[in-house]
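Given next are the chains, with one letter for each unit.
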Amino acid sequence: MASLSANALVFFAVAWAAWCLASLRANLSRARATGLPYVILPCSVLGAPWLLTQPVLLPLLAALPESWTAKWLPLLLFNDGWHNGYEPFQRAGGDTFLAVSPGGVILYTCHAEVSSQLFRDTRLGKPAHLMSLLNIFGPTITSTDGAESRLYRRITAPFFSEATMRDVFVGTVQGGGQLAQVLRQPAAHHHLRDLAAKLSLHILNRFCNQAETLEDLAMTLRGDDKPQGTHRMTYAEAVFTLLENYMTIFLIPSKLLRSSPSHTHRQAATAYAELGRYLQEMKGQKEAELQQKVPALSNKPESIPELLVQSGLPAKDGSPAVLRPDQVIGNIWVFVLAGHETNANTLTFIILLLACYPVTQRAMQADLDRILGDTPPDQWTYDTHYNPLMNSFVGAVINEALRLFTVLPVIPKYVPPTGPPISITIDGHVHPLPPDTVAFVNTSATHRHPQYWPRRESSEDTTPRAKRPFAVSDFNPERWIQKTGVAKHGLLSPPPGTFIPFSEGSRGCLGERFALVELCASVAVLFKSSSVRLLTRGEEGGEYPEGELADTWEAARDRAELALSEGVKFDMSLRVVRNVPVRFEARDSVSR
Ligand code: HEM
Ligand SMILES: *[C@@H]1O[C@H](CO)[C@@H](O)[C@H](O)[C@H]1NC(C)=O
Ligand SMILES: CC(=O)N[C@H]1CO[C@H](CO)[C@@H](O)[C@@H]1O
């Protein structure tokens, strides 16, 4: 018996190895036909075999001499793409190349010309089969393709009007004022990202979902909010807990999670169930409102749930509903996710970068004083202030943070498996990409490409404090300020494809304006009234390891830079997970 199963095992191993070799050969010949440089990998970074064996294999592979693995191992570490910046491309000797494995062919590019083609060519889709991660409540705009995603875009796009932007600007100034007060509390830095997330989730609920008031934000920021009715978690708690445990919730069925001995698992299950209920309630309420609504009376911009729910109802003329209930719910959810995480993380990066760069912070504040003068925040408006602010150091700081801290470091595209190859052209040479090729536009490598974005001189760091390049030392908002000529806009406008934090083309970010308006208003309101400062260990208080002698600002800055490199993580989006001790202080009128 034992020898029979051993034989079977050997048989399967041999068959599998033969299949791998045959697939690799087939894929290799397709890759060669493109005329692009390629790297051979033992497995696909996206395939189940690697995803499942990675926890065991990775420590072994990491123990091998670096010279053996440097060329290919980084390409198998999906979540390290941001940390490596442009380096893997430098090592591969090209800005566009293929990674070939038995599991498939992946194209990597940080070449502006190629990215622009990939964004513009409407025959390219999204690898929706790899993105189902987002569809935990139903299909979503981000993780579907073709006619289906176009339908969702068409339905929700009217929300992003100028009228909405006016509301978002004013609302963020109000909400940011509340955040500023909370941030001035001494220990607030321990919760910096969470507080930023509370603000951005509030802005999203208030304007996308028309579901919250400023008082709700004040309560959430203080941590005084309680679950309403029969809910076991507040809405914000459900969203944050779900996001913290996203992989667990995606991979393990709720039923198992609910009866798991692990408290975290049970919390994750509760968060999923609770958020599902909140989304259903939101849908139900909008349905009720829509059925009562007198059309002529409402001139408020419509909310995202309203637009989606409307499409989920049969039309007045009796024609059937355009969306199924799961499509309505899935998309309400994805707007919550896409609309708050990215902004929360970007605002957090901006705050910490400004703490590391006090001179830049003061320059930005000088612009805030010049543009806003003594106008009280409740009189700031989108029409008067948004453009001047975005053309000043405020816009420069936001752009520079978006450049270096790409919350989405990679943008996937896909050559449909059925259909002809799709060609890209590089320097006049045509390269046909075979069907079923996944293409990754590496935003973070593009944004740190030495040709498009020369490094700041002082950032040529000769003391290797960490193995990987420090994005933070390259932070230089000054590079966005146009000094010569009579530029119509105050800021540099980079060549197409070189600055792509929001992607471009028909699948570009729907919320780009929304995001920029929110970032602009929150940065303005936080830094008009306060300054942020890095804390030395003495100022911070608390216990520290013996032998840490240096307690200077420079030492604090070194730690902050390390936190903004090694303490940054990418899973759902790029965020800083290590605490950076900072303090917000009121700007005294003397120093202005
Ligand atoms: C700093 C903030 C933000 C950044 C950097 C950002 C970036 C991006 C990027 C790179 C994509 C393309 C993803 C892909 O192709 O796989 C995207 C898509 C999207 N974003 Fe944003 N985003 C931000 C904020 C927002 C906000 C505030 C909203 C909504 C209120 C939003 C809604 C969306 C939606 C709906 C999509 C999917 C579009 C589609 O697939 O057709 N985003 N975003
Ligand atoms: C591009 O980004 C992905 C995702 O972060 C990463 O896995 C990959 O290694 C990057 N490719 C290169 C050449 O840097
Ligand atoms: C781009 C391409 O041809 N990829 C193929 C590589 O091999 C696997 C396994 O045979 C196929 O499923 C892919 O389509």
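Residues numbered from 1 in each chain as written. Chains lettered and ligands numbered in written order. Predicted model: local features only at pLDDT ≥ 70, side-chain atom pairs only at ≥ 80, totals over all residues.

### Topic: the overall build of the protein chain
This is how the line gets drawn: Secondary structure elements follow DSSP: runs of H or I of four or more residues count as helices, runs of E of two or more count as strands, with numbering from the N terminus. Exposed residues have 12 or fewer other C-beta atoms within 10 Å of their own C-beta, buried residues have 20 or more, and partly exposed residues fall in between, where C-beta atoms are placed from the backbone. Placing a C-beta atom from the backbone of each residue, one calls two residues in contact when those atoms lie within 7 Å.
Each helix and strand counted, the protein chain has 23 helices and 11 strands in total. Along the longest, intermediate and shortest principal axes, the C-alpha atoms of the protein chain span 80 × 70 × 55 Å. Relative to its 592 residues, the protein chain shows a buried fraction of 42%. Taking all contacts inside the protein chain whose residues are at least 6 apart in sequence as the whole, residues at least 24 apart take part in 74%.

### Thoughts on the packing of helix H16 (residues 325-356) against helix H23 (residues 553-563)
Condition: A fitted line through C-alpha atoms serves as each axis, taken over the contacting stretch for helices, and the angle formed by two N-to-C directions is quoted from 0 to 180°. We call two directions roughly parallel when the angle between them is under 35 degrees, roughly antiparallel when it is over 145, roughly perpendicular when it lies between 65 and 115, and oblique otherwise. Put simply, a crossing is left-handed when the front helix is turned counterclockwise from the back one by less than a right angle, and right-handed when it is turned clockwise. Put simply, Ala, Val, Leu, Ile, Met, Phe, Trp, Tyr, Cys and Pro go in the nonpolar bin, Asp, Glu, Lys and Arg in the charged bin, and everything else, Gly too, in the polar bin.
Running from N to C, H16 and H23 cross one another at 150°; their axes reach a closest spacing of 10 Å. As the angle between them shows, H16 and H23 are arranged roughly antiparallel. Note that H16 runs across H23; the crossing there is left-handed. Contact residues: H16 offers Leu352, Ala355 and Cys356, while H23 offers Arg557, Ala560 and Glu561. When the residues that make up the contact of H16 with H23 are grouped by side-chain class, the tally is four nonpolar, no polar and two charged.

### So, the site of ligand 2
Rule in force here: Near, as applied to residues and a molecule or strand, means the residue's backbone-placed C-beta atom lies within 6 Å of it.
Around ligand 2 sit 14 residues, and of these Gly81, Pro88, Tyr108, Val410 and Asn442 come closest. Where the shell around ligand 2 is concerned, the elements lending two or more residues are helix H4 (81-84), helix H5 (87-92) and strand S7 (438-442). Grouping the amino acids of the shell around ligand 2 by side-chain chemistry returns 11 nonpolar, three polar and no charged.

### So, the site of ligand 3
The environment of ligand 3 is formed by Ser23, Ala26, Asn27, Arg30, Gly104, Val105, Pro434, Asp436 and Thr437. Going through the elements one at a time, helix H1 (2-34) and strand S3 (104-109) are the ones with two or more residues in the shell around ligand 3.

### Here's the deal with the environment of Pro55
With respect to the helices and strands, Pro55 occurs in helix H2 (residues 48-63). Residue class for Pro55 comes out exposed when judged on the 8 C-beta atoms lying within 10 Å of it. Separated by 343 residues in the primary sequence, Pro55 and Ile398 have C-alpha atoms spaced 37 Å apart.

### Looking at helix H14 (residues 263-292)
Selection rule: Every helix has an expected span of 1.5 Å times one less than the residues it contains.
Here H14 spans 43 Å end to end across 30 residues, near enough to the 44 Å set by a 1.5 Å rise per residue. Among the residues of H14, Ala268, Ala269, Ala271, Tyr272, Glu274, Leu275, Tyr278, Leu279, Met282 and Lys286 are the ones counted as buried. In this structure, the buried residues of H14 make contact with helix H11 (235-244), helix H12 (246-251), helix H13 (254-258), helix H15 (304-311) and H16.

### What to know about the UniProt feature "binding site: heme" (unreviewed entry) in the protein chain
As a reminder of what qualifies: UniProt positions are given in the numbering used here, feature names are shortened, and annotations may be inferred rather than shown by experiment.
In the numbering used here, UniProt assigns the feature "binding site: heme" (unreviewed entry) to Cys509. With respect to the helices and strands, Cys509 occurs in the loop between helix H20 (443-446) and helix H21 (512-529). The partly exposed category is assigned to Cys509, around which 18 C-beta atoms lie within 10 Å. Here Cys509 is in contact with Phe502 and Ser503, once residues within four sequence places are set aside.

### A few points about the nonpolar core
Put simply, the test is: Remark: nonpolar core denotes a set of buried Ala, Val, Leu, Ile, Met, Phe, Trp, Tyr and Cys residues whose joining runs through C-beta atoms within 7 Å.
Core analysis: the largest hydrophobic core is formed by 145 residues, its most contacted members being Leu352 and Cys520. Contact partners of Leu352, with chain neighbours within four places excluded, come to Ala560, Leu564, Val576, Val580 and Val582.

### Side note on the packing of helix H8 (residues 162-183) against helix H9 (residues 192-208)
Viewed as axis vectors pointing N to C, H8 and H9 meet at an angle of 150°, and their least axial separation amounts to 10 Å. As far as their axial angle goes, H9 and H8 are roughly antiparallel. Both H8 and H9 take part in a crossing whose hand is right-handed. Each of Thr164, Asp167, Val168, Gly171, Thr172, Gly175, Gly176, Leu179, Val182 and Leu183 in H8 lies in contact with H9, whose residues at this interface are Leu195, Leu199, His202, Ile203, Arg206 and Phe207.

### Considering the pairing of strand S5 (residues 422-426)
Inclusion rule: Only strands that DSSP links by at least two bridges are regarded as paired with each other.
Across five bridges, S5 lies against strand S6 (residues 429-433) in antiparallel orientation. Considered in S6, the bridge of Thr425 is made with Val430. Hairpin connection between S5 and S6: a loop of two residues separates the two successive antiparallel strands, and Asp427 in this loop has a positive phi of roughly 45°.

### Describing the sheet that holds S7
The five strands are arranged S1-S2-S3-S7-S4 in an open sheet whose pairing can be described as mixed. Two strands bound the open sheet, and with one partner strand each, they are strand S1 (38-40) and strand S4 (410-414). Averaged over all adjacent pairs, the angle separating strand axes in this sheet is 25°, with direction ignored. On top of the sheet, helix H6 (residues 112-120) reaches strand S2 (96-101), S3, S4 and S7; it is set at about 125° to S7, its chief contact.

### Side note on unusual backbone geometry
One non-glycine residue, Asp427, lies in the positive phi region at around 45°. Relative to the assigned elements, Asp427 resides in the loop between S5 and S6. Notably, Ser503 is not glycine yet its phi reads approximately 60°, a positive angle. Along the chain, Ser503 falls in the loop between H20 and H21. Judged by local crowding, Ser503 falls into the partly exposed class, with 18 C-beta atoms found within 10 Å.

### Quick look at H2
Filter applied, for reference: Two axes define the bend at a residue: one fitted to the seven residues ending there, one fitted to the seven starting there, and the bend is the angle between them.
Its 16 residues place the ends of H2 23 Å apart at the C-alpha level, agreeing with the 22 Å of an ideal helix rising 1.5 Å per residue. Most pronounced at Gln54, the bend in H2 amounts to some 70°, and the proline Pro55 follows within four residues.

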